[in-house]
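Structure assessment
So the chains spell out like this:
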Amino acid sequence: TGTAKNILTVGASESMSTIPEKGSDITLANFSSWGPTDDGRIKPDIIGIGTDLLSTSNVSTTSYAYLSGTSMSTPQVSGSIFLLQQLYNRLNTNTFMRSATLKGLVLHTALDMGATGPDYQTGWGLLDMEKAAKVITNVSTSNIISEGTLANNATDKRSFVASGKGDLVATISWTDPEAAVFPITTENLNNRKPKLINDLDIKITDGSGKFLPFILDPAAPEKIAETGDNIRDNIEKIIVKGAVPGK
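Not measured: the values here are computed from a predicted model. Starting from 1, residues in each chain are numbered consecutively following that chain's sequence as written. The predicted origin of the model limits local features to residues at a pLDDT of at least 70 and limits the giving and counting of side-chain atom pairs to 80 or more, whereas totals for whole chains, interfaces and linings rest on all residues. Side-chain calculation: all heavy atoms of the structure are included, whereas hydrogens and water are not.

1. Examining the packing of helix α1 (residues 70–91) against helix α3 (residues 129–137)
- Axis geometry follows a simple rule: fit a line to the C-alpha atoms, using only the stretch in contact for helices, then measure angles between N-to-C directions, giving values from 0 to 180 degrees. Helix and strand labels come from DSSP, where a helix needs a run of H or I of at least four residues and a strand needs a run of E of at least two; each type is numbered from the N terminus. Between α1 and α3, the least distance of the axes is 10 Å, while the angle of their chain directions is 15°. Here α3 runs roughly parallel to α1, going by the angle between their axes. Helix-helix and strand crossings are classified by hand; for α1 and α3 the assignment is right-handed. Here Ser-80, Ile-81, Leu-83, Leu-84, Leu-87, Tyr-88 and Leu-91 of α1 come into contact with α3, specifically with Met-129, Ala-132, Ala-133, Ile-136 and Thr-137. By the definition adopted for this analysis, an angle is roughly parallel if under 35 degrees, roughly antiparallel if over 145, roughly perpendicular if from 65 to 115, and oblique otherwise. Here a crossing is taken to be left-handed if its near helix is turned anticlockwise relative to the far helix by less than a right angle, and right-handed if that turn runs clockwise. In this description, contact between two residues means that some pair of their heavy atoms is separated by no more than 4.5 Å.

2. So, unusual backbone geometry
- The omega torsion of the bond from Gly-35 to Pro-36 falls at 5°, within 30 degrees of zero and hence cis.
- Of note, the bond from Lys-43 into Pro-44 is cis; its omega dihedral lies within 30 degrees of zero at 0°.
- Position of Pro-44 among the secondary structure elements: in the loop between β1 (10–13) and β2 (46–49).
- The backbone of Asn-138 sits at a positive phi, close to 50°, despite the residue not being glycine.
- Look at Thr-141: it is not a glycine, yet its phi comes out positive at around 55°.
- Along the chain, the position of Thr-141 falls in the loop between α3 and β5 (168–173).

3. Regarding helix α2 (residues 99–108)
- Partly exposed describes any residue whose relative accessible area lies between the buried limit of under 20% and the exposed limit of over 50%, with all areas from a 1.4 Å probe on protein chains only and scaled to the type maximum. Most of α2 is tucked away, with nine of its ten residues classed as buried.
- For α2, the complete set of buried residues consists of Ala-100, Thr-101, Leu-102, Lys-103, Gly-104, Leu-105, Val-106, Leu-107 and His-108.
- As for α2, its buried residues are in contact with β2, α1, α3, β5 and β10 (235–240).

4. Let's talk about α1
- Over its 22 residues, α1 runs 32 Å from end to end, which matches the ideal 32 Å to within 8%, given 1.5 Å per residue.
- Among all positions of α1, only Met-72, Ser-73, Val-77, Ser-80, Ile-81, Leu-84, Gln-85, Tyr-88 and Asn-89 are buried.
- Residues of α1 that are buried make contact with β1, β2, β3 (53–56), β4 (64–67), α2 and α3.
- One or two positions beyond α1, positive phi appears at Thr-93, with a value near 45°. Expected span of a helix, by definition, is 1.5 Å for each gap between consecutive residues, and there is one gap fewer than residues.

5. Here's the deal with the packing of aromatic side chains
- A pair of Phe, Tyr and Trp rings is counted when the ring centres sit within 6.5 Å of each other, with Trp represented by its six-membered ring. The angle between the planes then sorts it: under 30 degrees is stacked, over 60 is edge-to-face, the rest tilted. One pass over the full model with this rule turns up one aromatic pair.
- Considering the side-chain rings of Trp-124 and Phe-214, the 6.3 Å spacing of their centres and the 65° angle between planes classify their relative orientation as edge-to-face. Of the two residues, Trp-124 is situated in the loop between α2 and α3 and Phe-214 in strand β8 (residues 214–215); the sequence distance between them amounts to 90 residues. The residues Trp-124 and Phe-214 share a single accessibility class, namely buried.

6. Observations concerning the nonpolar core
- Buried residues of nine kinds, namely Ala, Val, Leu, Ile, Met, Phe, Trp, Tyr and Cys, make up a nonpolar core once their side-chain atoms join them within 4.5 Å. Among the nonpolar cores identified, the biggest contains 23 residues, and Ile-46, Ile-81, Leu-84, Leu-105, Val-106 and Trp-124 are the most heavily contacted of them.
- Contributions of two or more residues to this core are made by α1, α2 and α3.
- Filtering out sequence-adjacent residues up to four positions away, Leu-105 remains in contact with Leu-84, Met-97, Ala-132, Val-135 and Ile-136.
- Listed in part, the seven residues of the second largest apolar core include Ala-170, Ile-202, Val-240 and Ala-243.

Structure below.
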């Protein structure tokens, strides 16, 4: 259940005394579990601070204690992203983001903790609430959150102009139906057959080239992310470095 397709699986980082500005400022907690899943999906999805957090204690009805674990990072992330829902709700006539939209927003804006792209240790990176909130408020007018449906074999084509306010980043996220469960047998251990039912794809073209989403190789989990056709995950993200403004 902790690696299901549509949930947000949370890993843990060490606490920090300052706000991190780059991935090297963050240390993954030594107890944080690594992926991939048997079918090669990216897990964990996101990282939250998980050490030395002040929380309630079972010593008494009024006691507190400093605790560590993904049991600390998960509620920290959950409570934080509920605030994103609240912000969105206030700005969008009492509506909330779909769960896939919220997940996509969180992974779209995460602070990458290693080489560019996801990995099987830290997922998409550390939760960045400020960046996610700025996408919702869109004061810079360079962000779009769009929800919709897509029929089988249909294509949703949109045109964009690079703002010049940073890299061009596009993320698609969807809730995927349940796949068939393999019997628990020796033959099915580490079965790499994808569990994805609806294999949506995202790509960006600029007239002279094509940009594809990140992919990882479960057969070589130590390799850094490359780009290609993602047949495993129901979250896909493209980064176009140095997109030319106005193009």
